[in-house]
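# Summary of structural features
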Amino acid sequence: MRQQPHLVSGLIDACRAAIAANADYLCELDRMIGDGDHGTNMRRGCEAVYADREALALLPVAEALERAGRILVASIGGAAGPLYGTLLIEIGRQSAADPEADDFAAVLKNAIDAVARRGRSEAGCKTLLDVLYPVQTEVARHTAYAAIALEAERAAAATVAMKALRGRAKFLGDRSIGHIDPGASSCALLTGAICAVLKEQHPV
Ligand code: ADP
Ligand code: MG
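This write-up is about the structure you can find in this document. (Residues numbered from 1 in each chain as written. Chains lettered and ligands numbered in written order. Predicted model: local features only at pLDDT ≥ 70, side-chain atom pairs only at ≥ 80, totals over all residues. Heavy atoms only, no water.)

## Comments concerning the site of ligand 1
Note the following rule: Throughout this document, a residue counts as near a molecule or strand when at least one of its heavy atoms sits within 4 Å of that molecule or strand. Under the rule applied, a polar contact is a pair of N or O atoms within 3.5 Å (in protein, one hydrogen donor and one hydrogen acceptor; residues adjacent in sequence only if both atoms are side-chain atoms). Only DSSP runs of H or I covering at least 4 residues are called helices, and only runs of E covering at least 2 are called strands; the numbering of each starts at the N terminus. Residue classes follow a fixed rule: Ala, Val, Leu, Ile, Met, Phe, Trp, Tyr, Cys and Pro count as nonpolar, while Asp, Glu, Lys and Arg count as charged, and any other residue, Gly among them, counts as polar.
For ligand 1, the set of nearby residues contains 20 residues, the closest of which are Asn 41, Ala 79, Gly 119, Asp 181 and Gly 183. One of the side-chain N or O atoms of Asp 37 is found 3.0 Å from an oxygen atom in ligand 1. In this structure, an oxygen atom belonging to ligand 1 sits 2.9 Å away from a main-chain N or O atom of Ala 79. Counting only elements with at least two residues in the shell around ligand 1, the list comes to α2 (38-51), α5 (80-97) and α9 (182-201). Among the residues forming the shell around ligand 1, the class breakdown is six nonpolar, eight polar and six charged.

## Remarks on unusual backbone geometry
Worth spelling out the cut-off: Burial classification: accessible surface area is computed with a 1.4 Å probe over protein chains only, and a residue below 20% of its type maximum counts as buried, one above 50% as exposed, and the rest as partly exposed.
Positive phi outside glycine occurs at Arg 120, with the angle close to 45°. In this fold, Arg 120 is placed in the loop between α6 (104-118) and α7 (129-140). Residue class for Arg 120 comes out exposed when judged on its relative accessible area of 69%.

Right under this line is the structure:
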């Protein structure tokens, strides 16, 4: 992955805007089954990345992802920080190790597995992994960007029926059922934002 300033800046702007517009909603979701700070945490993380955008845009994409991931780990604060951070750091690390690799789906799968290890979690626990894995499946199928975004929304909505087995919501047991997982929701919002940028820059 070579240096692509417009791609990196475009992704940063789109993700920041999506989280800013939905921060109150994400806090509301987190009030139902957590401690009410997910929107605030994610907004803090996006603002920190945004503050570093000029330096990030000058880096090769792989290095920009790693650096942005470290910023997220340092700034988000909540459980989601190390998880989103690990995702970006791992994608960046793998891409830097093999710049010619063209199988992004495989890179993404490895990175999501690293997130799962970091959270001692897996699919089905009512977390952001319940969006990440279905998104990866669509990426591997070369699904169009708009349809990947729809799949992310569907997957986030499907967490309503799940019982939380990880994170704060786990302590609610069966009472966690009936609510969307906040991390799954932020993940769907970010997926939608990223897909919109990629669709604009690489129409298929
Ligand atoms: P905190 O729970 O520390 O307040 P946030 O509210 O920012 O952190 O993030 C909560 C979200 O993080 C959850 O909705 C869930 O998607 C995700 N999450 C929490 N713990 C885990 C875990 N162990 N594995 C995967 N995802 C997790
Ligand atoms: Mg929280």
